[in-house]
Amino acid sequence: MELLFSEQAPLVLVGCGNMGSALLKGWLDAGLSPDAVYIIDPMLAESTERSDVFRQIKVKNIVAEAASLPSGLKARTILVAIKPQMMSVVLPTLIPIMGDATFLVSVAAGTTIANFETYLGSGVQVIRTMPNTPAAVGAGMTGLVAKDNVGAAERKVAETLMEAAGETVWVDREELINVVTAVSGSGPAYIFHMVECLSAAAENEGLPREVAEKLARQTIVGAGALLSADPGTDVFTLRERVTSPKGTTAAGLDALMGVDHGLGGLIRETVRAARKRSEELSD
């Protein structure tokens, strides 16, 4: 990654909260030179206490606003990781550090490409992404969509940046980012709730709470590890391998996959509700 950016054509990270800092750690671990990244974040610039990941970045490379960056500096890439309500204030301040070749990568939920055009002009190059919280441990899933004027080289850079935190997929229409949000963006919360439900069910059947939760947690972790270790096998086959005819798993699946109250229909409704809310927030 050190070849992608330099002090003369740096990566500028706008906002370094949970997601921004997780991405920064992944970039540095992947070989990005600390000299080739600038951070714009008022709270971090004013803090005297920094974690190890930020100690690699020179003090002068962490600023409160774009105007504090070196005079004449033009970013190669600006990754925007701030809250949507801050866009109207922050985006116009980035114009002085944007050159003809600068493109933006956004991890801000609900902020459309049209929003960026409002503050930065119709010619701005934007790639919109939707990562999720497992990015904090390098196991993220990010969906990306690019504006029509973004070239293949810029798309590859954006993909490389997001792959530092996990896996990536591209969609070809911006509205599909709302589906990505509903599935992988919100999905970790669905899994955590499933652990809650599985644990509660085990406790209801007589297990002590701490035993029930440990069983539920590790079952999800282990199943995820199997999915990761065997990506070439479809999930139907993986499920079938666990399911003996007329066995305990089959009995449980009969209840879980019931026509009237099955998990499939419930998950469809869950994703549909989250997708609709994502659309509302984008509007």
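Located above this text is the structure these notes cover.
Anyway, here's the lowdown on the structure attached to this text.

The rules behind each value
- Residues numbered from 1 in each chain as written.
- Predicted model: local features only at pLDDT ≥ 70, side-chain atom pairs only at ≥ 80, totals over all residues.
- Heavy atoms only, no water.
- Core = buried A, V, L, I, M, F, W, Y, C linked by side-chain atoms within 4.5 Å.
- Buried < 20%, exposed > 50% of the residue type's maximum accessible area, 1.4 Å probe, protein only.
- Helix = DSSP H or I, 4+ residues; strand = E, 2+ residues; numbered from the N terminus.
- Contact = heavy atoms within 4.5 Å.
- Pairing = 2+ DSSP bridges.
- Axes fitted to C-alpha atoms, helices over the stretch in contact; angles between N-to-C directions.
- 1 Å grid on protein atoms, 1.4 Å probe; cavity = no way out; pocket = protein on both sides within 12 Å on 5 of 7 lines; lining within 4 Å.
- Points joined across faces, edges and corners; volume = space filled by probe spheres on them.
- Nonpolar A, V, L, I, M, F, W, Y, C, P; charged D, E, K, R; others polar.
- Right-handed = clockwise from strand over helix to strand, strands pointing away.
- Salt bridge = Lys/Arg side-chain N within 4 Å of Asp/Glu carboxyl O.

Some thoughts on the nonpolar core
In this structure, Leu24, Trp27, Leu32, Ile39, Leu79 and Ile127 are the most contacted members of the largest nonpolar core, which totals 33 residues. Where this core is concerned, the elements lending two or more residues are β1 (11–14), α1 (18–29), β2 (37–40), α3 (52–55), β5 (98–106), β7 (140–146) and α6 (152–163). If near-sequence neighbours (up to four positions away) are discounted, Ile39 is found in contact with Leu13, Cys16, Leu24, Leu44, Phe54, Ile57, Asn61, Ile62 and Val63. Among the nonpolar cores identified, the runner-up in size contains 25 residues, and Val12, Ile78, Phe116 and Val124 belong to it.

Examining the sheet that holds β1
Pairing is mixed in the open sheet, where eight strands are placed in the order β3-β2-β1-β4-β5-β6-β7-β8. Looking along the sheet, the strands with just one partner apiece sit at the ends: β3 (62–63) and β8 (166–170). The sheet contact formed by β2 and β3 spans two bridges and is parallel. Across the sheet, the residue bridging to Ile39 is Ile62, located in β3. Lying on the sheet, α1 is in contact with β1, β2 and β4 (75–80); it crosses β1 at an angle near 155°. Each of β1, β4, β5, β6 (125–130), β7 and β8 touches α6; the most contacted strand, β8, lies at about 145° to it.

As for the layout of surface pockets
In this approach the atoms are scanned with a rolling probe the size of a water molecule, which exposes any empty space left behind. Within this model, the largest pocket holds a volume of roughly 2,700 Å³. What lines the largest pocket is a set of 50 residues, and nearest its centre among them are Ile191, Met194, Ile220, Ala223 and Leu227. Within the residue set of the lining of the largest pocket, elements represented by two or more residues are α8 (187–204), α9 (209–229), α10 (235–242), α11 (248–256) and α12 (263–282). Broken down by element, the residue count for the lining of the largest pocket peaks at 13 residues, all from α8. The calculated volume of the second largest pocket comes to roughly 950 Å³. Those elements giving two or more residues to the lining of the second largest pocket turn out to be α1, α2 (42–46) and α4 (87–90). Looking at the lining of the second largest pocket element by element, the count peaks at four residues for α1. Partitioning the lining of the second largest pocket into residue classes produces 26 nonpolar, eight polar and three charged.

Quick look at the pairing of β2
Covered by surrounding structure in β2 are Val37 and Ile39 together with Tyr38 and Ile40, the residues of both alternating faces. Pairing between β1 and β2: four bridges, direction parallel. Bridged to Leu11 within β2 is Val37. In this region the chain leaves β1, passes through α1 and returns to the parallel neighbour β2; the handedness of that crossover is right-handed.

Quick look at the pairing of β4
Most of β4 sits inside the fold, with five of its six residues counted as buried. In this structure, β1 lies alongside β4, joined through four bridges in parallel fashion. In the strand pairing of β4, Leu11 is matched with Thr77. Across five bridges, β4 lies against β5 in parallel orientation. Residue pairing across strands places Val80 opposite Ser106, the latter belonging to β5.

Thoughts on the environment of Leu238
Mapped onto the secondary structure, Leu238 falls in helix α10. Residue classification places Leu238 among the buried positions, given a relative accessible area of 17%. Residues in contact with Leu238, not counting those within four places in the same chain, are Leu227, Asp230 and Thr233.

Digging into the pattern of salt bridges
As enumerated under the stated definition, the model contains 14 salt bridges in all. For Lys25, the salt bridge is made with Asp29, and the minimal N-O distance between the two is 2.9 Å. Here Asp29 and Lys25 lie together in helix α1, a separation of four residues that amounts to about one turn. Among the residues examined, Lys25 registers a relative accessible area of 46% and is labelled partly exposed. By sharing partners, the salt bridges in this structure join Asp172, Arg173 and Glu175 into a single network.

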